[in-house]
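The chain contents come next:
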Amino acid sequence: MEFAFNLNPLLPDEITIIDSSFSNLQKFQRSSYDSHRSNLMQVIDNMGIASGKAQALPNAITSFKRLQYSDHRLYVLKDAFANNMQGAVVGILKMGRKKLFVYDMLGKQHEMEPLCVLDFYVHESRQRHGYGKVLFEYMLQQEQVEPVHLAIDRPSPKFAGFLKKHYGLKDCIPQMNNFVVFHGFFRDRPESG
Ligand code: ACO
């Protein structure tokens, strides 16, 4: 997704992690802070809307405002060289912990706060080129988590295909909520959940 401004100062890394502290804005001088903040809002809101549309959701689940009031982390992948070197946003991946009741294979309920995949979107022009895998792998490394230990908020058919292809995740443990967990979710979990 391209924008009318240069994304590269705003998103300094190939994958920039944004949370409620918006630390990527802190380097900007007072005089230009507001315009950069507004640009970042455009980036997050427009990607959030596109993701919502791609999943046929009634509302976007990712927005600047929502991020501001959460402890979620948004991973943003860019192509620094696209759009005449102004950069383009390729995809987003939103992660966060949720308090959930999760059923195990025996139907026993566990109250826990697992790390969840909350929103995942690669721009239509870039899908099926490996960008989702790049974003997901980076997240796994940063969060120090195994794919099988994640809970997934309503995975779409494309995301289900992605998890099966790249991580062999296909067999779910039936749950009473919208989150999907796979066989192995309860095995060798770290203390932090
Ligand atoms: N149809 C079926 N499977 C697909 C499709 C598709 N159109 N697109 C990607 N996949 C799956 C397949 O397994 C594919 O492998 P294949 O091409 O060999 O069949 C694999 O993903 C490709 O891997 P990547 O190229 O690394 O993935 P991509 O960059 O396409 O990103 C993503 C995957 C994020 C799911 C992307 O397809 C997308 O944005 N889809 C639309 C939005 C969406 O459904 N997001 C997930 C919502 S659920 C949630 O966020 C918790």
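This text follows the structure it describes.
Below you will find a few notes about this structure. (Residues numbered from 1 in each chain as written. Predicted model: local features only at pLDDT ≥ 70, side-chain atom pairs only at ≥ 80, totals over all residues. Heavy atoms only, no water.)

## Points about the side chain of Asn 24
Summarising the element assignment, Asn 24 is placed in the loop between β1 (15–18) and α1 (30–54). Among the residues examined, Asn 24 registers a relative accessible area of 8% and is labelled buried. Reaching out from Asn 24, the side chain makes a polar contact with the backbone oxygen of Leu 10 at a distance of 3.0 Å. In this view, Asn 24 contacts Leu 10, Leu 11, Pro 12, Thr 16, Ile 18 and Leu 40; residues no more than four positions away in its chain are not counted. (Helix = DSSP H or I, 4+ residues; strand = E, 2+ residues; numbered from the N terminus. Buried < 20%, exposed > 50% of the residue type's maximum accessible area, 1.4 Å probe, protein only. Polar contact = N/O pair within 3.5 Å; in protein donor to acceptor, adjacent residues only side chain to side chain. Contact = heavy atoms within 4.5 Å.)

## With respect to the sheet that holds strand β6 (residues 115–122)
Spatially, 7 strands are ordered β1-β2-β3-β6-β7-β9-β8 in an open sheet, and the strand pairing comes out mixed. Strands at the two margins of the open sheet, each flanked by one partner only, are β1 and β8 (172–173). In this structure, β8 lies alongside strand β9 (residues 179–182), joined through 2 bridges in antiparallel fashion. When the sheet's bridge partners are listed, Ile 173 is paired in β9 with Val 181. In the packing of α1 onto the sheet, contacts are made with β1, β2 (73–79), β3 (88–97) and β6, and the angle to β3 comes to roughly 80°. Across the sheet, helix α5 (residues 157–167) is in contact with β6, β7 (151–153) and β9; its angle to β6 comes to roughly 110°. (Pairing = 2+ DSSP bridges. Axes fitted to C-alpha atoms, helices over the stretch in contact; angles between N-to-C directions.)

## Side note on the packing of helix α4 (residues 131–143) against α5
Packing of α4 against α5 leaves a shortest axis separation of 12 Å and a crossing angle of 70°. As judged from the angle between their axes, α4 and α5 are roughly perpendicular. Of the two possible hands of crossing, α4 and α5 adopt the one that is right-handed. Counted together, Gly 132, Lys 133, Phe 136, Glu 137 and Leu 140 of α4 and Phe 159, Phe 162, Leu 163, His 166 and Tyr 167 of α5 form the full contact between these two elements. For the contact of α4 with α5, a count of residues per class yields 6 nonpolar, 2 polar and 2 charged. (Parallel < 35°, antiparallel > 145°, perpendicular 65-115°, else oblique. Left-handed = near helix turned anticlockwise from the far one by under 90°. Nonpolar A, V, L, I, M, F, W, Y, C, P; charged D, E, K, R; others polar.)

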